[in-house]
Amino acid sequence: MRKLTYFVACSIDGFIGGPDGDASFMLPFVDGEFLEFLKAEYPETVATHGRRALGIDDLPNKRFDTILQGRASYDLALKEGITSPYAHLREYVASRTLTESPDPNVEIIPTDLVGRVRELKGEDSAFGIYLCGGSAVAGELVDEVDELVIKTYPVLLGSGMPMFASGFEVCEFVPDSVRTFGNGVVVRTYHRKR
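Residues numbered from 1 in each chain as written. Predicted model: local features only at pLDDT ≥ 70, side-chain atom pairs only at ≥ 80, totals over all residues. Heavy atoms only, no water.

This brings us to the overall build of the chain. Looking only at helices and strands, the chain has 5 helices and 10 strands in total. Computed over its C-alpha atoms, the radius of gyration of the chain comes to 16 Å, within 12% of the 16 Å expected for a compact globule of 194 residues. Seen through its C-alpha atoms, the chain measures out along the principal axes to roughly 40 × 40 × 35 Å. Contacts spanning at least 24 positions in sequence make up 69% of the contacts within the chain whose residues lie at least 6 apart. (Helix = DSSP H or I, 4+ residues; strand = E, 2+ residues; numbered from the N terminus. Rg over C-alpha atoms; globule rule 2.2 N^0.38 Å. Contact = heavy atoms within 4.5 Å.)

Structure below.
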């Protein structure tokens, strides 16, 4: 069974973006040390256009071969004219409003997101599934998340888009590792207690 990993960046107080979803405040924290970590441990989480700009497009995938994101996350790329932001992965976008995919590499999941994710998890692959966001999709899939990789940036927002837009429910996870970077970023990894 493949794992669904929510690999997410957030503020100290648990927001993945401001009230309008803007997360540009996180960009200055992707410095040399942190970028080296991403290249070494999670190269496939860098979008294709970023990989090309950094000269790392040839790095092999280490953990994931599939990405799932919500419509709002996907729209960030579409606004830049990028229809396949993670061309090095199988791309899925959960959307009830996007009726047709603008790219042959991107499959739209309009209904039964949980069912489709369970099908993907049941596939035979050595690689997992990267849940990129956003908040609503993560909230809908909270029971399917097997692993959390939380990149916490040293800022407080006070309010904004939470990591999971879902109702109250206690879900236990077990800590696996913690890594602190010189710029104050902390990366924590957890697996679900089943």
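After presenting the structure, the write-up continues.
Let us now look at the sheet that holds strand E7 (residues 147-153). Spatially, the 8 strands line up as an open sheet ordered E5-E4-E3-E6-E1-E7-E10-E9, and their pairing is mixed. Across the chains shown, the open sheet's two edge strands, defined by having one partner strand only, are strand E5 (106-109) and strand E9 (173-180). Averaged over all pairs of adjacent strands, the angle between their axes in this sheet comes to 25°, without regard to strand direction. Where strand E1 (residues 4-11) and strand E6 (residues 128-133) come together, 3 bridges link them in parallel fashion. In the strand pairing of E6, Leu4 is matched with Ile129. Where helix H3 (residues 71-78) meets the sheet, its contacts fall on strand E3 (64-70), strand E4 (90-94), E5 and E6, and the angle it forms with E3 comes to roughly 100°. (Pairing = 2+ DSSP bridges. Axes fitted to C-alpha atoms, helices over the stretch in contact; angles between N-to-C directions.)

Counted by the stated rule, this structure contains 11 aromatic pairs. Look at Phe29 and Tyr153: their rings are 5.6 Å apart centre to centre, the planes differ by 55°, and that puts the pair in the tilted class. Taken together, the residues span a long stretch of sequence, with Phe29 in the loop between strand E2 (15-17) and helix H1 (32-41) and Tyr153 in strand E7 at a distance of 124 residues. Judged on exposure class, the residue Phe29 and its partner Tyr153 are both buried. A network of ring pairs unites the aromatic residues Phe7, Phe29, Phe34, Phe37, Tyr42, Phe64, Tyr86, Tyr130, Tyr153 and Phe181 as a single cluster. The ring of Tyr42 carries Arg63 above its face, with NZ or CZ at 4.2 Å from the centroid. (Phe/Tyr/Trp six-rings, centres within 6.5 Å; stacked < 30°, edge-to-face > 60°. Buried < 20%, exposed > 50% of the residue type's maximum accessible area, 1.4 Å probe, protein only. Lys NZ or Arg CZ within 6 Å of the ring centre and 35° of its normal.)

The subject of this paragraph is helix H4 (residues 113-121). For H4, every residue scored as buried is listed here: Leu113, Gly115, Arg116, Val117, Leu120 and Lys121. Buried residues belonging to H4 abut E1, E3, E4, E5, E6 and helix H5 (135-140).

What follows concerns the environment of Asp31. Note on placement: Asp31 falls in the loop between E2 and H1. Sequence separation between Asp31 and Tyr130 is 99 residues, and the spatial gap between their C-alpha atoms is 22 Å. Reaching out from Asp31, the side chain makes a polar contact with the backbone nitrogen of Phe34 at a distance of 3.0 Å. Among the polar contacts listed, one links the side chain of Asp31 to the side chain of Asn183, at a separation of 3.2 Å. (Polar contact = N/O pair within 3.5 Å; in protein donor to acceptor, adjacent residues only side chain to side chain.)

This part covers the side chain of Gln69. Looking at the secondary structure, you find Gln69 in strand E3. Among the residues examined, Gln69 registers a relative accessible area of 3% and is labelled buried. Beyond its immediate chain neighbours, meaning those up to four positions away, Gln69 contacts Tyr74, Pro85, Tyr86, Tyr92, Val93, Ala94, Cys132 and Gly133.

Now for the nonpolar core. Counting residues in hydrophobic clusters, the biggest one holds 23 residues, and the most contacted among them are Tyr6, Leu68, Leu113, Leu131 and Leu141. Looking at this core, the elements that each hand over two or more residues are E1, E4, H4, E6, H5 and E7. Considering each element in turn, this core owes the most residues, 4 residues, to E1. In contact with Leu131, not counting residues within four places along its chain, are Leu4, Thr5, Tyr6, Phe7, Leu68, Val137, Ala138, Leu141 and Val145. Formed by 19 residues, the second largest nonpolar core is a distinct cluster that contains Leu38, Tyr42, Phe181 and Val187. (Core = buried A, V, L, I, M, F, W, Y, C linked by side-chain atoms within 4.5 Å.)

Burial runs high along E4: 4 of the 5 residues are buried. Of the pairings in the sheet, the one linking E3 to E4 comprises 5 bridges and is parallel in character. If you follow Leu68 over to E4, its bridge partner there is Tyr92. One crossover worth recording links E3 to the parallel E4 by way of H3, and it is right-handed. Both E4 and E5 contribute to a ladder of 4 bridges, which runs parallel. Counterpart to Glu91 in the pairing with E5 is Val106. (Right-handed = clockwise from strand over helix to strand, strands pointing away.)

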